[in-house]
Amino acid sequence: MEHPGPWPSHLENFELPDNIAELVRRALDRGIRPQLIRRPGRRTRPRQQGLRVLVAYGTGPNPWLASGVIAGPDDLDLDALVAGVVPESCILDDEPVFLVCTHAKRNACCARIGLPLARGLAEILPDRVWETSHVGGDRYAANLVCLPHGIFYGSMSQAAAIAAANAYRSGEIILDRYRGRAGIPEPLQAVEHFARSHTGECSVGAVAVESSRSDGDVTEAIVRVSARSGGDVRFRVVVAPSAWQAPCGTACAETITTYRLVSLDRLTPVRYTTLALT
């Protein structure tokens, strides 16, 4: 939801204009993650009538992004979004969008590092870049999110952000500074990352977790990697959590849960033979 400001420290406190607060409330009730956005450097309300919204659906193999200008909360069908259907008030967008967290009231590092990155990236990709409210992982500032897939990057420099954006526009992920993908449980994001690191496969849709199970803190998953040369390769990947303390101390006081690789084994395809009839 476009809102030039001011942004509250937490959206769930609903300290926002009535129409935006109501949309935030409805989104949270449906398990949709709401974000406030504004154009880099812009702090004045746009002249257009109504509220500009972007909606992204990142679940499944065919994510999509749509946008529209609505008169109020009743004009955005969030139930359709949950079902993976483009709301009638929005139009599909065939170009990706890039969000840079600049949420100063949530964490000063996001504004200090994120603001110049957002402005620099917007010069390269005009109209495709937005500042956004908290996306998580403040200690990874500057954070970049690529929509519609919900690809997260952290600790981004200008050069790294440009490289990641260009790669995403070509349907690829850069593993350097890659944090994971929205909508997937954290252990499985780690599983995907280790599978990509092992194989070097960077195509956005080439790696998928087919099944998983947890035993305490340990997660085991079967991952399919679609090789560019043709055919699928499967791996059994096992990960376990590993706590890491942010180097900036109390400014980013949360303890970060990361994951270590326990094992990664390629699975041998099962070959069946047909008995000859005599």
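For the structure, see preceding data.
Read on for an overview of the structure.

Here we take up the overall build of the chain. The secondary structure content of the chain amounts to five helices and 13 strands. Out of the 278 residues belonging to the chain, those deemed buried represent 45%. Once local pairs closer than 6 in sequence are excluded, the contacts in the chain between residues at least 24 apart make up 56%.

Moving on to helix α5 (residues 186–199). For α5, spanning 14 residues, the distance from its first C-alpha to its last is 20 Å, which sits close to the expected 20 Å at 1.5 Å a residue. Along α5, the residues classified as buried are P187, L188, Q189, A190, V191, E192, A195 and R196. Following α5 by one or two positions, G200 adopts a phi angle in the positive range, close to 75 degrees.

Turning to the packing of aromatic side chains, a few remarks are in order. Under the defined criterion, the tally for this structure stands at three aromatic pairs. Between F98 and Y168 the ring centres are 6.1 Å apart and the planes differ by 80 degrees, which places this aromatic pair in the edge-to-face class. A residue pair is termed long-range when its members are at least 10 positions apart, and F98 in strand β5 (residues 97–101) and Y168 in helix α4 (residues 158–169) qualify at 70 residues. Both residues of the pair, F98 and Y168, belong to the buried class. The ring of W7 is capped by R38, whose NZ or CZ atom sits 3.7 Å from the centre of that ring. R39 extends its terminal NZ or CZ atom over the ring of W130, reaching a point 3.6 Å from the ring centre.

We now examine unusual backbone geometry. The linkage connecting G5 with the following residue, P6, adopts the cis geometry, with an omega of -5 degrees. As for its position among the elements, P6 is in the segment before α1 (18–29). Cis geometry marks the peptide bond from A141 to A142; its omega dihedral reads 5 degrees. Not every positive phi belongs to a glycine, and D127 is a case in point at roughly 70 degrees. For D127, the position within the fold is in the loop between α3 (108–124) and β6 (129–132).

Moving on, we come to the pairing of strand β3 (residues 64–70). With six of its seven residues buried, β3 lies for the most part within the structure. The pairing of β3 with strand β4 (residues 91–93) spans three bridges and is classified as antiparallel. Bridge assignment links S67 to a residue of β4, and that residue is I91.

The subject of this paragraph is the packing of α3 against α4. Any two packed helices are characterised by how steeply their axes cross, that is the angle between the axes, and by the distance between the axes. The contact between α3 and α4 brings their axes to 10 Å, and the two run at 45 degrees. Of the possible angle classes, the one that applies to α3 and α4 is oblique. Read as a crossing pair, α3 and α4 show a hand that is right-handed. On the side of α3, the interface is formed by P116, L117, G120, L121 and I124, while α4 contributes Q158, A161, I162 and A165. Residue classes in the contact of α3 with α4 are distributed as seven nonpolar, two polar and no charged.

Glancing now at the pattern of salt bridges. Following the criterion strictly, the structure yields twelve salt bridges and no others. One salt bridge in this structure joins R30 and D79, with 2.8 Å as the shortest N-O distance. Of this pair, R30 sits in the loop between α1 and β1 (37–38) while D79 sits in helix α2 (residues 78–82), and the two are 49 residues apart along the sequence. Relative accessible area serves as the criterion here: at 48%, D79 is assigned to the partly exposed category. Within the structure, one salt-bridge network assembled from shared partners comprises E22, R25, R26 and D74.

Taking 1.5 Å per residue as the helical rise, α3 with its 17 residues ought to reach 24 Å, and the 25 Å between its terminal C-alpha atoms agrees with that figure. Of all the bends found along α3, the most pronounced is centred on G114 and spans about 35 degrees, while P116, a proline, follows it within four residues. Of the positions making up α3, those classed as buried are C109, C110, A111, G114, L115, L117, A118, G120, L121 and A122. Those residues of α3 that are buried are in contact with β5, β6, β7 (144–147) and α4. Measuring from the backbone nitrogen of C109 back to the side-chain oxygen at the start of α3 gives 2.8 Å, which picks out N107 as the cap.

What follows concerns the sheet that holds β1. In spatial order, the strands read β1-β6-β5-β7-β8-β9; together these six strands make up an open sheet with mixed pairing. Pairing within the sheet leaves two strands with one partner each, and these edge strands are β1 and β9 (178–181). Note that β7 and strand β8 (residues 151–153) share three bridges and pair antiparallel. In the sheet register, V145 faces β8, and the bridge partner there is F152. Where α3 meets the sheet, it contacts β5, β6 and β7, and its direction lies at approximately 155 degrees from that of β5.

Thresholds applied
Residues numbered from 1 in each chain as written. Predicted model: local features only at pLDDT ≥ 70, side-chain atom pairs only at ≥ 80, totals over all residues. Heavy atoms only, no water. Helix = DSSP H or I, 4+ residues; strand = E, 2+ residues; numbered from the N terminus. Buried < 20%, exposed > 50% of the residue type's maximum accessible area, 1.4 Å probe, protein only. Contact = heavy atoms within 4.5 Å. Expected span 1.5 Å × (residues − 1). Phe/Tyr/Trp six-rings, centres within 6.5 Å; stacked < 30°, edge-to-face > 60°. Lys NZ or Arg CZ within 6 Å of the ring centre and 35° of its normal. Pairing = 2+ DSSP bridges. Axes fitted to C-alpha atoms, helices over the stretch in contact; angles between N-to-C directions. Parallel < 35°, antiparallel > 145°, perpendicular 65-115°, else oblique. Left-handed = near helix turned anticlockwise from the far one by under 90°. Nonpolar A, V, L, I, M, F, W, Y, C, P; charged D, E, K, R; others polar. Salt bridge = Lys/Arg side-chain N within 4 Å of Asp/Glu carboxyl O. Bend = angle between axes of the 7 residues up to and from the residue. Polar contact = N/O pair within 3.5 Å; in protein donor to acceptor, adjacent residues only side chain to side chain.

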